[in-house]
Amino acid sequence: MKERIRLLDIPVDIASTKDVNETVLQYLKEEGSSVVYFVNSETLLLLQDQYEWKKAVEESELVLPGNSSVNSSVDDVLEHKRDPFFFESFFDKILDDAIELGYEFMLVAEDEEKFTFIQENIHEKRPFLTLSGMYLTEQEESLGHIVNEINSVAPDILLIALEEKKQFELLQKFRNQMNAGLMLFTGNRLYHKAVLESEVPKPIQKLRIQHLYKWFRREGRIKSLFNNLKMKSVLKRKKKER
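Just so it is clear, the model here is predicted, and its values are computed rather than measured.

Engineer: Is there a simple way to explain the overall build of the protein in this structure?
Structural biologist: Helices and strands together make up the secondary structure of the protein, namely 12 helices and eight strands. Counting across all 242 residues of the protein, residues that qualify as buried make up 49%. Within the protein, counting contacts between residues at least 6 apart in sequence, those at least 24 apart form 77% of the total.

Engineer: Could you clarify how one ought to interpret the packing of helix 3 (residues 51-58) against helix 8 (residues 164-174) in this entry?
Structural biologist: Packed helices, taken two at a time, are described by their axes: the angle between them and the distance between them. Taken N-terminus to C-terminus, the directions of helix 3 and helix 8 make an angle of 70 degrees; their axes are 9 Å apart at the nearest point. Of the possible angle classes, the one that applies to helix 3 and helix 8 is roughly perpendicular. Residues Glu52, Trp53, Ala56 and Val57 of helix 3 touch helix 8, and the partners they reach there are Lys165, Phe168, Glu169, Leu171 and Gln172. Residues of the contact of helix 3 with helix 8, tallied by class, amount to five nonpolar, one polar and three charged.

Engineer: Before we go on, may I ask you to explain the pairing of strand 1 (residues 4-7) in this structure?
Structural biologist: Note on strand geometry: in a regular strand, side chains alternate between the two faces of the sheet. Burial along strand 1 is one-sided: the residues Ile5 and Leu7 are buried and none of Arg4 and Arg6 is. As defined by bridge partners, strand 1 adjoins strand 2 (residues 10-13) across four bridges and the pair is classed as antiparallel. Directly across from leucine 7, in strand 2, lies its bridge partner isoleucine 10. As consecutive antiparallel partners, strand 1 and strand 2 are separated by two residues, and within that stretch leucine 8 has a phi angle of approximately 50 degrees, a positive value.

Engineer: Help me out: how do you make sense of the nonpolar core in this one?
Structural biologist: Side chains that are nonpolar tend, in soluble globular proteins, to be buried together. Val108, Leu158 and Phe185 are the most contacted members of the largest nonpolar core, which has 38 residues in total. Element by element, the count of residues in this core is highest for helix 7 (residues 143-153), at four residues. The next biggest cluster of nonpolar side chains, apart from the first, holds 36 residues, and it includes Val20, Leu28, Leu107 and Leu159.

Engineer: Help me understand helix 7 in this model?
Structural biologist: An α-helix turns once per 3.6 residues; consequently, residues spaced three or four apart project the same way. Those residues of helix 7 lying buried are Leu143, Ile146, Val147 and Ile150. Within helix 7, the buried residues cover an arc of 95 degrees as seen down the axis, which keeps them to one side. Residues of helix 7 that are exposed and point more than 90 degrees away from the buried face comprise Asn148 and Ser152. Directly after helix 7, the chain includes alanine 154, whose backbone phi takes a positive value near 50 degrees.

Engineer: Please clarify how the packing of aromatic side chains should be interpreted in this entry.
Structural biologist: Two aromatic rings, taken as a pair, are described by how far apart their centres are and by the angle between their planes. Within the structure shown, the criterion is met by 11 aromatic pairs. Taken together, a centroid distance of 6.4 Å and an interplanar angle of 50 degrees make the contact between phenylalanine 87 and phenylalanine 90 tilted. Linking phenylalanine 87 with phenylalanine 90, this pair stays in helix 5 (residues 87-101), spanning three residues, or about one helical turn. As far as burial versus exposure is concerned, phenylalanine 87 and phenylalanine 90 are alike and both buried. Through successive ring pairs, a cluster of aromatic residues spans Phe38, Phe85, Phe87, Phe90 and Phe91. Cation over ring: lysine 114 sits above tyrosine 191, and NZ or CZ is 5.2 Å from the ring centre.

The rules behind these values
- Residues numbered from 1 in each chain as written.
- Predicted model: local features only at pLDDT ≥ 70, side-chain atom pairs only at ≥ 80, totals over all residues.
- Heavy atoms only, no water.
- Helix = DSSP H or I, 4+ residues; strand = E, 2+ residues; numbered from the N terminus.
- Buried < 20%, exposed > 50% of the residue type's maximum accessible area, 1.4 Å probe, protein only.
- Contact = heavy atoms within 4.5 Å.
- Axes fitted to C-alpha atoms, helices over the stretch in contact; angles between N-to-C directions.
- Parallel < 35°, antiparallel > 145°, perpendicular 65-115°, else oblique.
- Nonpolar A, V, L, I, M, F, W, Y, C, P; charged D, E, K, R; others polar.
- Pairing = 2+ DSSP bridges.
- Core = buried A, V, L, I, M, F, W, Y, C linked by side-chain atoms within 4.5 Å.
- Arc of directions from axis to C-beta.
- Phe/Tyr/Trp six-rings, centres within 6.5 Å; stacked < 30°, edge-to-face > 60°.
- Lys NZ or Arg CZ within 6 Å of the ring centre and 35° of its normal.

Shown next as structure tokens:
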């Protein structure tokens, strides 16, 4: 699966949810490690002037849309609607496959709150899934420490849910040192998924402002909106220049 387009000169794979799930399962059966990187508008903007980070992401086995804005931008570049990729459906399927096949997950999260929220979201529907993990503390663990923790577990599937710059550095410097079968670099996507699927407190339900409540719970919502608009603007400008 190597049909790719370029968004802001970053390669993004064109693949349906079904195709990605099948490909990822094949990766897990093979020797060695594979990387899947989910890009959002912030990812694309940050990589513009960062050759080493960009090269590390580009060399991932799969580079996939990590939010709806990137998803729609892929269609804009193609100038037609493709068979879509949905992160939520992909992730739910890989969780179910992991339970069936006995794969072990490890989660690396930005802080304790996010780690607990994501973990509870996963275990609410799949209590028998084997999920270990770690989160960063105020001590600001080094990348080397994170890698040592990962290697002490050696998971089949590694979920990296860190802020973008940490993810870039981890991938660039330690891609070949992390002992994991499949590495999914998800950024803030898992946390946002957990927020969207979380139960809203009953007082909020009575006020009928569930969507507003969840919108405010999503960290970085204003930043994401700004990045989405900026990415769209840059894409339009580059299209006109061509």
